[in-house]
Every structure is written in structure tokens, then in C-alpha cells.
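Overview (structure and organization)
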Amino acid sequence: MKKLIKYTLIGSFCIAAVSCSDQEAMNVDPNLASNVPSNMIMNAAEKWTMDNIYDNWFSARQCLVYSQQWSQRNYTEEDRYQVREPQNNSYFKYLYMGLNNFQKVINMNKNEATKNASSAYGANCNQIAAAMIMKVWLANLMTDTWGGIPYSEALRLESDNVLYAKYDDQKDLYAQLIKEVTEAVNMIDESEPAFTSGDVIFNGDASKWKKFGNSLKCRLAIHMSKVDSNWKTYIQEALASGVMKSNDDAAKFKYSDTGTEYCKFYEGFFVNNRNDFAINKTLADLLKGQRDTLNAKSHPWEGVIDPRIHIYTVDDGRWNGMAVATQTGIQARLFTQDGVASWYANQPPVLNKTYAVPLMTYAELKFIIGEYNGFSVEDYQEGVQASIDYWYDVMGASYDANEVAAYIEAVSQNVNAEAYAIQKYIDLFTNGTEAWTEIRRTGYPEQIVRPGEICAVYSTRDGEVPYTFTPLSEVKGDIIARVKYPTDESTLNKASWEAAVAKLQDGTNNYYSKMFWDVRTSSYDHPANK
Amino acid sequence: MMKRLTMFFAGLLLCTSAALAQTKVTGTVISQDDGQPIIGAAVKVVGTTTGMLTDVNGRFDVTLPAGKDQLEITYLGFITQVVQAKNGMRIFLKSDAQALDEVVVTAMGISREKKALGYAVSEVNGEDLIKSRGGLNNPVNALQGKVAGLQITSAGGSMGGSSKVLIRGNNSLSGSNQPLFVIDGVPIEGRDYNTTDTQRGAGGYDYGNLIQDINPDDIESVSVLKGAAASALYGSRASNGVIMITTKKAQRQQGLGVEFSSTLGIERVSKLPKLQSEYGGGYGYMSLDGYDDFGEIEINGKAYITPNYGMDESWGPKLDGRQVLSWYDLAKWEANGKKGDPTTSPWSASNHDYEDFFETGVSFTNNVAISQVYDNSAFRISYTNTSLDGYLPNSSMYKNIFNVNGNIMSPDKKLNVFTNVNYFNSRTKGRPDTGYGKNNIMRTFVQWNQRQLNMNELKDMYRYPDGTQATWNRIDAEDPTPAYHNNPYWSRYMNYENDTRNRIYGNVGVSYQIMPQLKAQYKVNLDFFVDKQYERIAVGSQDESRYSEMSRQQYEINHEFMLMYNQTFNDFSLSANLGANIMKNHYEYVYGETKGGLAIPEFYNLDNSMTQAASSNYRREKSINSLFGDVTLGWKNMLYLEATLRGDQSSTLPKDNNTYVYPSVTGSFIFSELLKDKMPWLSFGKIRLGFAQVGNDTDPYQLYNTFTQYTNIDGATPGYRLSDTMQNPDLKPERTNSWEVGLEMNLFKNRLGFDITYYQTNTKDEILPLSVSGTTGYLYKYVNSGEIENKGIEIGIHATPVKTRDFEWYTQLNIAHNKNKVKSLADGVDYFRIASARFKVEIGAMVGEEYGVIMGTDYVYDENGNKMVDENGLYMATDGSQVIGHIFPDFTGGWNNTFRFKNFDLGFQFDFSKGGQYFSTTYMWGMYCGMLEETAANNVRETGIICDGYTEDGVPNTTVVAARDYSENFYSGPAAQNVLKSDYIKLREVSIGYTFKLNPAWFIKSLRLSAYGRNLAVWGPDTKHFDPEMIVTGSGNIQGVEGGATPMVSTYGLTVNLKF
């Protein structure tokens, strides 16, 4: 009997054993790749990051409305500072996924096992540097959105099984970003390509990566100009190492019209048919030289029409902007009443499939350098010229040089912090987070409609009814200072989230806690002038 | 080897002693009940130890020693007989009703006497499943309320939609909790392939779970194996219980047996949210200042007032009857080339409101079954077709189901070849879009709409003469382009889906009776289907036009080998089975969709794509090799002990951890055997006890990290990104331990009885994709972690309060209570997200809570438990997410009644469910948009409303807020406001029938007429707008989120059954 059981078991396990090796082979995923070259990851990392920033959510419903470049036509929750939780959760994690992919490129070029294979797609040091620069660019944008976020302990699940990354103080994070971007530019070997292919931003040009890295360092430095006395040193270092020299060096990501590789702004409007946005009145009025009569504000060069207005919105000769966030419902009526051009019916260049989204322009750098040089007229004028050239070039349009010269002359009557800030604000079109950052840092443009100010006038049969800009969330009278930490973190990274929230003003996860570099004491406090 | 085996089993036989050869007699033992031969009955010569068992033909031949001529024939469940031996005799055994000899089909298709089982098994008769067909929704719904602890929830109005089936609670945090469905030994794919978006209320079609492909007309009986002990032999996939379906087989009768049945069914929408009819479309803010939403337009020099059709809310002007230029007036005028003056219409409540959108659904079901039994073979062939014109415009469903089963035996009847094959075919058109889908008409009707709209007008003008769309939600009076919403008729007639499924499932097998006690059997079981789905968005819709095709196929083959041994001797009975199974599952799909819109309207082909159509494919394979065995020992029909052992080797686990073995032990004690003389009123009494362990693997491809193809923006260098999930090469199998104890008693000649079971199940080391903080760079990580516990009690009570020759009333009540607790997750993790809803909340599992919590913002309460109100007079919401509801009920059950009066029969059933909540997106937007009755009740739009709560200063709130601000706070304020109770009591079914008893010699031997109604009424605390069951849009773990549910329908029908 024992023998019998033995034979039966052995027999049956033989059947099973035969298929054992088959079983292992069977569990190799035929649907997803397990080995991918580093340049393919860089390619996806760049596009993933751009797709999730320059889109109808992170940009159009968030930083572009906070900076009053765009405005929602119907539903105005975000314009009135109430973010949608699911979207806030999504941006947050998707942007970290972007960081992680750049980190993967770094790791593949550092690890002994994969280093050699990766060098076939560009010098290891250059790939590492380019990915580090992108990480710094992205992390800076993220921290300027939420405040202190996990960085030193983030992305360490695979290496150290870190499930709960602590939130870094924003000050420490900035210091780390300065350190990393310095490291990155210093390791670049300009005689070798950064990537043999796959790099959409600079097409593998190591020198341009280096210039971008140094320019980005200038951006970080200027953000800290009121809180870190070393900011000038950082700019000096960057200038010595080499910054952008012309629009040709600008960091931008150009989309394609083949297949579905088009820009997400286009997708939002014409694939999802969310005809929800129009140019904001604040931006449109600044461009038109129209002063804010509702709140009795001045315009530094009233009546001067900015040549970029032909690029930024539908060129209907009226260039009317959409009011800043009235109540849902009234907004739609204002759209018709104020004769705002429909971007859906007449597509402005920004909604082209192949729009090149700006990571950082040469003009922005010029304005930073100019501020570093004490708001110099020369840097200012070069910056304005570069900006106009850049935007006309991006849209593939040409301009009348005399008109532009006249414009530059008109806006150079009084070159000061305000003029600088307004020109930078205009240049930062669709670069919402940076534009919002500069408003928070400098308090300019004054024309930004603050809570409590009149944002629109609604005509009725019985006369005109003024509307006051009334946020849905507590912002203490100023524009939104930050975006709330996402609720996901309160469940998936609870202790860290709680510790981070405790450090915010009043210890709550609010919209009014300021960035560490935002040291204004009121909306109209202009530290940039001091 | 076979010889050894034979010797081994032979050695176990007691009665083999040779005796002096005298007289030889042969005979056959037959069951008096069905005339079938009884295999394995013990034939013993009285006064000797000589005996044997009957063969497959029920035959025996025995040699009588001198002077002995009495034979004692015993067989479990039958009354023992002693007869005078005669050559060629036929002995009819009477079944022993007292002994409750019910035979049930248990794991691996093994028939067992119910009394011997050490675990709970519930049986439902096939007839009960077709009494009230419940439309074509899902045949498995017929089991609702019939079995204690079997919980089935289904959206009644979703044609062919999913049913959530759950036995004894959720054992798995992230894996399947659906029981395994087995039809005649064939494991059947029962899951759904709905997208996560569909399940979480974000839109998409509910294609239903595949278990709906069974044909209730072919079902003889259903056994529900509830616990792990009952299903241990089935292995991993049965850890959530097993629903075993036995199909009808040929019945022994004179000549050819023909049965025919035909049902006419009607379905009507029975519950719709209650909406206000006092105010029309618009924003309404201005009305506080005396202004309204109307605009003005000048046509041919005349001024008209036009409603604000660009807006999809109903905060507009009071429906006071004034003349306006409606969208319909405009559309007619435009359709007519803008000639002349447009007509105008009164601004008044619609006399064809949204209930008029729904039609009366009509279905026909016909079944014919032919069977015949021959000496050495038997066959049954059945065909069913059903057709349904659904209650939604342009919806239909057709099904054809063939079933053939039969067997052929060798002349000596030792060799038996058998087969059972089902072919299933369905064609469906126009399933409802669900949740926040753009073509979900319920989203438009209840969430975002203008209340004055007239269905007749919408139907009349959904297309302009040039074929483009006309919709009420036009951008403005001058621009008829759809703003957010399609005309609901456009959604139904232009943007519809259709799908087909072809499926074959069944088996072929051979068995050989090696000895009367020992049988060997080999079977191959196959389940194969091809599923095709075609979805379209027409040119001119609000969305970009598109067309997609999904072609999905799967096969699963199970090779199963078994040795079955049965022996009875003296007071003992022994049965043992040894088996091996090789399972292989292969799944794949190919998917294509147009990009950039369709070039030519109404031409639905992937080539008709503006830019290159996109395609994708997916393939998944899995195999499990298994060995299993069980031994059951019985003593004096009173004590039984069963033990099983199974070992699996799965392809989905790492090589070092891929084999796992697990046992079960159960026992039962029929104490009534001891007491039958002292307590004659105790007809039957049994105590059962069981323990079982089940191991489990996971889905394929969870061991090694991968990259996902993301972009082709650089023609030469495709972009790949890290996949969302971090895999884990160190996974090990999951374990489920469960035990159960039960008491079953029947009193007063079975007129009253009950069955109580208490169970506890703990699942450990579950393999789950843990949601991780985005800061890790991933969304999920696979881990072995956590423990989830289910404890519960199931009670079944049945009684026959009245029983006379002409009248009988049978009543049965079942109640089940399940208490679930998530005991732990991974180290340091206390929350696991199952899914996020489309807008506000998420569904998850939290340590210390029941599985399935709704997480969202809650009201803020002060120390005294009062809701707090902010300075604007609106409810405050908590900062982060909190537990604001539990999705699964505490108690479920059903109360069934059957009355028989002469040839009439009447039955009705109530179901109930207590405990559990759901988040209603419809409620949230229905309030936000001024749709629901509450937004206009008690004149709140004129007088405003005061939130019942306390301010931060600790005084009662007195701030009056506008009705619109109050209502909008359902979205912007605490999510908890939209959490509703899912408690209900439901009149599930009523049926009445009359059976004509005809002369068996006539051509028509039997005729029955019956009528039924299903889902007739519902009661509950939150059933004003909804039926809590209607929220189901998937059979998986994502439950508890309502997103624009299709309405509940009641079905009614008439059935004729004929036997020839």
C-alpha cells in the first residue's frame, strides 16, 4: 500500500514536473518590455512630464488661471481657488512619476551593470546631467505649487523600500536643487552628445543642456533673492559656467502632428471638446494697453498695443478677455456680453497640435540677469525683443520690425521693477507656474485682480451690476499662495502629511500658507523694489 | 500498477470469504423513485458474511450457501429490505424519507448524502430559477434571497449588466471575491471585463459578468458550497465558495420525451429619482435681484426671449407659462432654412417629462428539450432562444443556447463515455452608458439638465435634415453646436454600442468501472469564448467622433483524472477519491480605435479614421497543476469524518514558492439516530464541524518590473516609461483558514426545521497591489500582506404550517449576518485603496474597519456632536478624508412562501438587506444642479434655507443661505452629504401557476400556465429617489459608488409549459 501511494505520487509529480519549466517561461510578461535603452526612457520622461503639466488640468484649470492668463468660461471653481481633489491627487503623483523616470535614466547611467550599455545612447555623464536638470526643473515647479514636498526621501521605493517619504522643508529643498543643478552642469562633457536620439527638448545637444542648467540655476536664485543672501553668487557661478545666449538656446518641447502626439491643450479643446477656456481679461488688458477702470488701476504704458497679442489669442482686433472668475453661470453670460473670442471657433496658435511648450525662455533669463544687474535698461530691452522674437518664431509668424522697435521704445519709458515684472509676466505665457511664482514673489503685475476687487460688470435690463472677485476658499485677501497638499497623501503617507501640514500657517492644509521665498507682507508689498 | 491498485482496494473488502458453492442467483436493484438501477448497493446473504455490491447496472450475482435463501439489501438513503432470493429477481428499494437521504452534488461533482456532510451546502431547484425570469438581465439573479449567506446585487435596469455575487463576505482585499461557478464539472469564467471607469461610476458600458451565459432552462439544480471546507477540493479558485450547477439529464420514460416552454416578459421602469418641476434651465443667481436667465434675440425685426440653453442646470426662472423661443422652436426654424418667423412655446413644466423617454420592454423566451434513454445510452438536446426589446430606445438583446448531453456505455456497462456541450450565442445592441459617460441618459436627465424639456420634442428633432445633431444644450441661441450634452435620443440612436459573444463550454470524458467499488475517470473540460464589442460616437456628437472594436477571447482547459472508491461494510462506509488536474488558461485581446475623429459620417470602420487608427493587443497565460484526494469514513449512518488534501503548483508565483499544499477536515454527528426512540418528534438532528485551509496564487506577471510604451513623438526612438506598479519577485502563496460549526434539526415529521451555521474565515499573506504614495514614483507595489477576517452566522428556517391533501403552505426564511474586519495590511500601512470615484470619494480597506469603506470629507462636528457651519452659513467639511460609510451590508436574507391549492400554486418572496451605504454622484449633482425635488420643495428658492448646525462660536446657526448655495455645497462641502443608506426590503417575486393534470396517454401529457412579477416594490430609509441595488456596474470589488445609475425595472411575464 505504501508503495502504491508512493508510485501514484511520484507519477503525478512527474506530470507536474514536466510542465514546471514551461510554467516559469509562461510567467514572462509578453505585453510589457523588461529591458529598455535609457534614451527611450528619457524620451518618454520628457513627454510624460510635458503632457501632465501643459494640459487642461494642471495648467489650464490651475496655474494659468491663478496667474490670470487664461480663464474658465463656465465652471469657475479653480479660478476661485477650489481645486478638484481627484485632479490634485493625479497631478501630484504623475509629476513624481516624471521625476522617477528621470531618476531611472540617471540610475541606468550610474549602475555598473547598465552603464556600458547605456553609453551607446550618449555619454553617461551627459545623460545623467540632462536627467538631473530635468529633475531640478520639475521639482522646482512642484515645490512652487505645493510648498515643501518630499524630495530627499522620495523615489526610494525600489532602492530602500521607502514607502513613506518625509516632506522636506522648502528651504532645504531649494538648497538641494541648487546643489544638484550645479553638479549637473559641472559634469557635462560638451564634446559628446547628451543623447544620440530621443531627446525632444535639445535633440541631444550637451551644450544646450548645460546652458539650460545654468539658466535654471538663475531662475532658482532669483526666486530666493529676498531670502538667501547667496543668490547673487549662484547667478555669478551660472554666468561663469555659461547660460543661454539666444532664443536658439531656449528650452521648449515641440509637439508633433503625427498620430496622437499632439499637444494636450489641443486635445482638451478639440478631442475632448472642452471649449472651456478663453484669454483672461487681466492679460488681455495688459497686452492691449487698457487700464483697469473697474478698480481704478493704472497701466504703465496705457494705449500701447503689445505685438504678442496677435499671437496669444484670436486676432480679431478686439482681443477682449474673459473676466476673472465670477460665479458659475454669470461667467458664461459675460463671455457673450464682453465679446470674448471663442478659441474653439477660431483657433489661436497656442492651440495648435504642434505647439512648443516653453520650459524656460531666453527672455526670462534676460529679465533675471537684468534684475541681478539692478533692473538695467539694456537687459530689459534685449529681453523684450527676445520675447517678441521667440513668440513670433514659435507661432511661425513674422512682424514689422519698426512696429516692434516702437513698442520697445514705448515700454522703456520707465524701466523699473514693475516694468520688468510685467514684461516677464507677458513672456511667461502658458508657463503658468513660473508666472504665478513671479506674481507671488514680486507682487506685480498690480493689474492682477485680487479678492475683493471688482472683476466684472454684468449688464442687465435695469442697469449694470458690478461683481466682486470672491474666492471659494480662504486666501486672506491675497491671490492663492499655494495649492493644498493632495488628500491621497493623507491616507497613503499619513504621518509625513500630518507633519507637513502642521508646519503650514495655522497648521491646516490651506491655500494661504506662503512659499518660503514669498516674504511680502501684503498683496501690494513689492519686495522687488527694495 | 492498475493491478496493484485493484489489490489494494480489494484488500479493504470485508466480505470476500469463499463459501461452499451451492445455488447461484442473479438480480437487479432498482430505485423505486426513478426506476434507475442502484450502483453499489450492498447485497448480503442473511446469516452469513457473504455479500457483494451491485454493479453499474444495479446487478449482482451471489452464491447462496446451503440453507440460506434470504438476502438483505442495503443502500444509503433507502430502506433496507430483506427478500427471498430468486434468480433474475428485481428488487425495488424505497427511499428513506425519514433519514433525509437528500443527495447533493459536492466538490468535483461527487454526489454525497447531505446528512454525511460536515459543512453547509444549500441546494436550489432549477425550477425555482425560471419561475420569475426577471427579464434577461442575468439568470444568476434568480438565486437572490434564496440561500442564506449568498448575496447577489444587480442593477435591474442594466440590460445584460453585472451582478455582484458574494458568499460569506469578502475574503480578498484586491483579488476576486466572486465564487467559482462550475457547470457539470466545468469551471466557467464568471468575471466581467468592465473598465475601472465603468465600475467607479466614471462612464462606459457595463458588459456584464460572464456568468450570465448559463441557461436557466437547462438547470436541474444548483448547489451552493459556502465555505472553504465545502470547496477545499476545488483549490485556490474556490476560496470564495462554489456555485455548482447541475444540468438536466435525460429522464427514463416511455419513448421520446419532449418539453416545451414559452415566456412572454414585459419590463417597465419602476423607480426614477423625483425631480422638481417648478423651475426651468438656467443659473438663477440673478433671480434674487429680480433678473432672470433669459436672453433676447432679434429675428426679422422681432424680439424674442430665449432661455439660456448653454447651461445644464435648473436654477432658472420659474416655469410661469410665458412665451419663449425654445430650442425646439429654433431648431424647427433652422431646419426649415430659417424662413419666416419661428414659433414660440410656453415656458412651463413639461407634459412629457423624462419618464416618457422609457419604453415598455418586451421579451420572448422559448425552450424546447428532447430526451431519450436507451439501454446503453441516453441523450438530451435542448435549445433556448430569447429576444428582448429593451425599455431604452434602440436596445435589444438576442440569445441562442444549445445544450447536448449524453453518454454511451459498453455492453458490459463498465466503460462509459459521456459528454455535455453548450453553445451560447448572444447579440446585444444599445446597452446603457453608465456613470459619468457622456451618453448616459440618466446623467443628463437627473444630474445636468433643464427641467422643462419635453421628450416628444427631443425625439422629434434630434437631427437636422442635413443629418447633424439638434440638441437643447446648444452653445447659445445663435449657435446650435452641442455645449456639453447630446440630445438623449441622439445618444441612444447614434452613439450606441453593440456586442456579440460566442461561447462553447462543456466536457468529454470516459469512466471505467474497474470494480464495483472502484471507478476511474478522465475528463477534459473546456470553456472558450470570443467576445466582440463595437462602440461608436457619431460625427456631430458633443465628443470627438470615434469608433472602436474590441475582440477578446479566452480558453480554459482542465484535464482532470480521478479514481473513486466506495465501499460499505457492516456499520462502516468508506469513500475515497484521488485526483489530478492540469489547468491552462489563455486570454488575449486585440483592440483598435480611430484617432482624430471619423472622416465619413456613419461609416464605422477603423480605416475611417482621420489619422492612423491605433491598435493594441494583450496576452495572458496561466497554468496550475494540482493533485488532490479525499477520504470519508462513516459509521452507522451517524458519524462521518472527511479529510481532504490538495497541492497546487502555479505558474504565477516565483519558482521557489510556487507549490503549496493545504488540508481540510470535517465531521458530522447525526445525534437523532441515538434519540429516535426517546424523541420521536425529532425527525433529524445533526451537528457539523469543519476546518479547512486553502492556498491561493495570483494573476500572472507580477514578479518582474516592466516598462510601458508611451509615445512615438520621435519617429526613430519610441518612448518607454516605468510601469505604474512595482512588482515583487519574492511573492508567496496566500492562505485562507476557515472553520465552521453547524446545527441542523427537523421536527414533527419535517414540518419544521432549521439550520444554523457559524463560521470564521481568515485570509493571510494576501498578494495585493498596495496603493503607494505618489512620492515613491509608483502608484502600486505588489506585496504579500494583510489579514482579513469574516465571521458570520447563517440561519435557515423552514416550515409547513398547513398541509392537507388539497392545500399546502411552505415557508422558508433565511438570514445571514457577516462581520468583516480588516485585521492588518502591510507593515505600517493602515489603508488600501480599492478605487477612486469619479469626483469625491474613494473606496478602500482600512485596518480595524470592515472591508469596503467610503473615504471622503465628513461634516465637522463640535464636542457635542453637532454639525458645524461656517461663516457663510454652510456646512463645514473636514480637511482630509475620513471613513464616511461602509459599502457591504450586515444582514441579508429572504423570505420565501409557496402555497399550493389543488392544482394552483402561488409563491412570493421578500428580500432584505440591512446596513451598508453608498456614495451617490447623482444625488450630489442632482442637488448641485437644482434637479432634485428637494431643491425646490417648501419654497426654498424664494425663502432660502438654514443649515441645521452650530457656528464656530457655539451658537445655533441662523444664517439663511440661498437654496442654490446650499445645494452647491453638496459638491463643494462635505462628501458625507451624498452618502445614502443601502438598506432595503424588496418584494422580489410573485408567481402564480396552474398545472393541468392530463391523461398520460394523451399526446400532451402535461400543461402548465403561470405568471410572475419581479422587483415589484422596494422599501427603505433612502429609497425616495433610488433603489439601492441599481448602483451595481461591475461584479468586482469596486462597489458602493453610484454614478448615474440606470433606473430599476419591474418585470412581468406569462409562461406556458408543455410536456409531450
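Here, the structure is the one placed above.
Now for a quick tour of the structure. This structure is a prediction, so every number in the text was calculated from the model and none was measured.

Assigned secondary structure in chain B consists of 12 helices and 54 strands. Taken over C-alpha atoms, the radius of gyration comes to 33 Å for chain B, in line with the 31 Å a tight globule of 1060 residues would show. For chain B, the C-alpha atoms occupy an extent of roughly 125 × 70 × 70 Å along the three principal directions. A separation threshold of at least 6 residues defines the contact pool for chain B, and within that pool the share at least 24 residues apart is 70%. Surface summary for chain B: the accessible area is close to 39,800 Å², and the carbon and sulfur share equals 54%. Where the 98 positive side-chain charges of chain B centre and where its 116 negative ones centre are 10 Å apart.

Moving on, we get to the interface of chain B and chain A. In this assembly, 97 residues from chain B lie in contact with 97 residues from chain A. Note on chain B versus chain A: buried area summed over both sides is about 8,300 Å², and carbon and sulfur give 57% of it. Area buried by chain B at its contact with chain A is led by F707(B), I713(B) and T775(B), which between them contribute 9% of it. Counting across the interface, chain B meets chain A through one salt bridge. For the salt bridge of R833(B) with D488(A), the shortest nitrogen-to-oxygen distance reads 2.2 Å. Run the count over chain B and chain A and you get 31 residue pairs in polar contact (both at pLDDT 80 or more). Sort the elements by how many residues they give to the side of chain B that touches chain A and strand β32 (residues 609-635) of chain B lands first, with 10 residues. Looking at the side of chain B that touches chain A residue by residue, the class counts come to 38 nonpolar, 32 polar and 27 charged.

Residues and elements named next belong to chain A. Their axes nearest at 9 Å, the elements helix α9 (residues 170-187) and helix α10 (residues 206-223) cross at an angle of 160°. In terms of their interaxial angle, α9 and α10 are classed as roughly antiparallel. At the point where α9 passes α10, the crossing takes the left-handed sense. Of the residues in α10, those touching α9 at Y174, L177, I178, V181, T182 and V185 are K210, G213, N214, L216, K217, L220 and H223. In terms of residue class, the contact of α9 with α10 is built from seven nonpolar, four polar and two charged.

Next up on the list: the nonpolar core. Among the nonpolar cores identified, the biggest contains 269 residues, and W137(A), W209(A) and F212(A) are the most heavily contacted of them. Examining the composition of this core, we find that 14 residues originate from one element, helix α7 (residues 124-146) of chain A, more than from any other. Excluding residues within four positions of it along the chain, W137(A) makes contact with T49(A), M50(A), I53(A), Y54(A), F212(A), L216(A), R219(A) and L359(A). Core analysis: the next-biggest nonpolar cluster, separate from the first, contains 31 residues, V104(B), A107(B), L233(B) and M244(B) among them.

A word on the sheet that holds strand β43 (residues 831-836) of chain B. All names here are of chain B. As summarised here, the arrangement of the four strands in space is β43-β44-β45-β46, forming an open sheet in which the pairing is antiparallel. Two strands close off the open sheet at either side, each with one partner strand: β43 and β46 (882-886). Recorded for the sheet is a direction-independent mean angle of 40° between the axes of neighbouring strands. Alignment of β43 against strand β44 (residues 842-846), held across five bridges, turns out to be antiparallel. Bridge pairing links A835 to I843 in β44.

Scanning all chains against the criterion turns up zero disulfides over all chains. Cysteine C929(B) is unpaired, with the sulfur of C947(B) as its nearest cysteine sulfur at 18 Å.

This part is about the side chain of E418(A). All names here are of chain A. Within the secondary structure layout, E418 lies in helix α19 (residues 417-427). Of the side chains with opposite charge, R450 lies nearest to the buried E418, which makes no salt bridge, at 9.4 Å. Setting aside anything within four residues of it in sequence, one finds E418 in contact with P300, Y444, E446 and Q447.

Pairs may arise between side chains of opposite charge once their charged atoms sit close together. Taken as a whole and assessed by the stated rule, the structure comprises 79 salt bridges over all chains. The closest approach of N and O atoms between D249(A) and K211(A), which form a salt bridge, is 3.3 Å. Linking D249(A) in the loop between α11 (231-241) and β2 (251-254) with K211(A) in helix α10, this pair joins segments that are 38 residues apart in sequence. Between D213(B) and R503(B) there is a salt bridge, and its shortest N-O distance comes to 2.8 Å. Here D213(B) is found in the loop between β15 (204-205) and β16 (219-225), whereas its partner R503(B) is found in strand β28 (residues 497-515), with 290 residues between them in sequence. Three or more residues are tied together by salt bridges with common partners; here these are D213(B), R501(B), R503(B), D527(B), D531(B) and R552(B).

On to the packing of aromatic side chains, then. Enumeration according to the criterion identifies 83 aromatic pairs over all chains in this entry. Relative to W343(A), the ring of W70(A) lies with its centre 5.1 Å away and its plane at 80°, an arrangement referred to as edge-to-face. With W70(A) in strand β1 (residues 70-72) and W343(A) in the loop between α15 (330-337) and β4 (356-360), the pair connects residues that are 273 residues apart, well separated along the chain. What makes W70(A) buried here is its relative accessible area of 0%. Owing to a relative accessible area of 0%, W343(A) belongs among the buried residues under this scheme. Between F904(B) and Y994(B), the ring centres sit 4.6 Å apart and the planes meet at 65°, which makes this aromatic pair edge-to-face. Here Y994(B) lies in strand β51 (residues 984-997) and F904(B) lies in strand β48 (residues 904-914), a separation of 90 residues in the sequence. A residue is classified by how much of its surface remains accessible, and F904(B), at 43% relative accessible area, is partly exposed. One cation-aromatic arrangement involves R73(A) over F335(A); the distance from NZ or CZ to the ring centre is 3.6 Å. The ring of Y485(A) is capped by R482(A), whose NZ or CZ atom sits 4.3 Å from the centre of that ring.

It is worth spelling out the pairing of strand β18 (residues 257-271) of chain B at this point. The side chains of a regular strand alternate between both faces of the sheet. Residues and elements named next belong to chain B. Where β18 meets strand β23 (residues 361-373), 11 bridges bridge the pair, whose relative direction is antiparallel. Note on β23: the bridge partner recorded for S262 is N366. Judged from the 12 bridges that link them, β18 and strand β54 (residues 1048-1059) form a sheet pairing that is antiparallel. Residue pairing across strands places S262 opposite V1056, the latter belonging to β54.

Criteria and thresholds
Residues numbered from 1 in each chain as written. Chains lettered and ligands numbered in written order. Predicted model: local features only at pLDDT ≥ 70, side-chain atom pairs only at ≥ 80, totals over all residues. Heavy atoms only, no water. Helix = DSSP H or I, 4+ residues; strand = E, 2+ residues; numbered from the N terminus. Rg over C-alpha atoms; globule rule 2.2 N^0.38 Å. Contact = heavy atoms within 4.5 Å. Areas by Shrake-Rupley, 256 points an atom, 1.4 Å probe, with all protein chains shown as cover. Lys, Arg positive; Asp, Glu negative; His and termini not counted. Charge placed at Lys NZ, Arg CZ, Asp CG, Glu CD. Buried area = accessible area lost by both parts, 1.4 Å probe. Salt bridge = Lys/Arg side-chain N within 4 Å of Asp/Glu carboxyl O. Polar contact = N/O pair within 3.5 Å; in protein donor to acceptor, adjacent residues only side chain to side chain. Nonpolar A, V, L, I, M, F, W, Y, C, P; charged D, E, K, R; others polar. Axes fitted to C-alpha atoms, helices over the stretch in contact; angles between N-to-C directions. Parallel < 35°, antiparallel > 145°, perpendicular 65-115°, else oblique. Left-handed = near helix turned anticlockwise from the far one by under 90°. Core = buried A, V, L, I, M, F, W, Y, C linked by side-chain atoms within 4.5 Å. Buried < 20%, exposed > 50% of the residue type's maximum accessible area, 1.4 Å probe, protein only. Pairing = 2+ DSSP bridges. Disulfide = S-S within 2.5 Å. Phe/Tyr/Trp six-rings, centres within 6.5 Å; stacked < 30°, edge-to-face > 60°. Lys NZ or Arg CZ within 6 Å of the ring centre and 35° of its normal.

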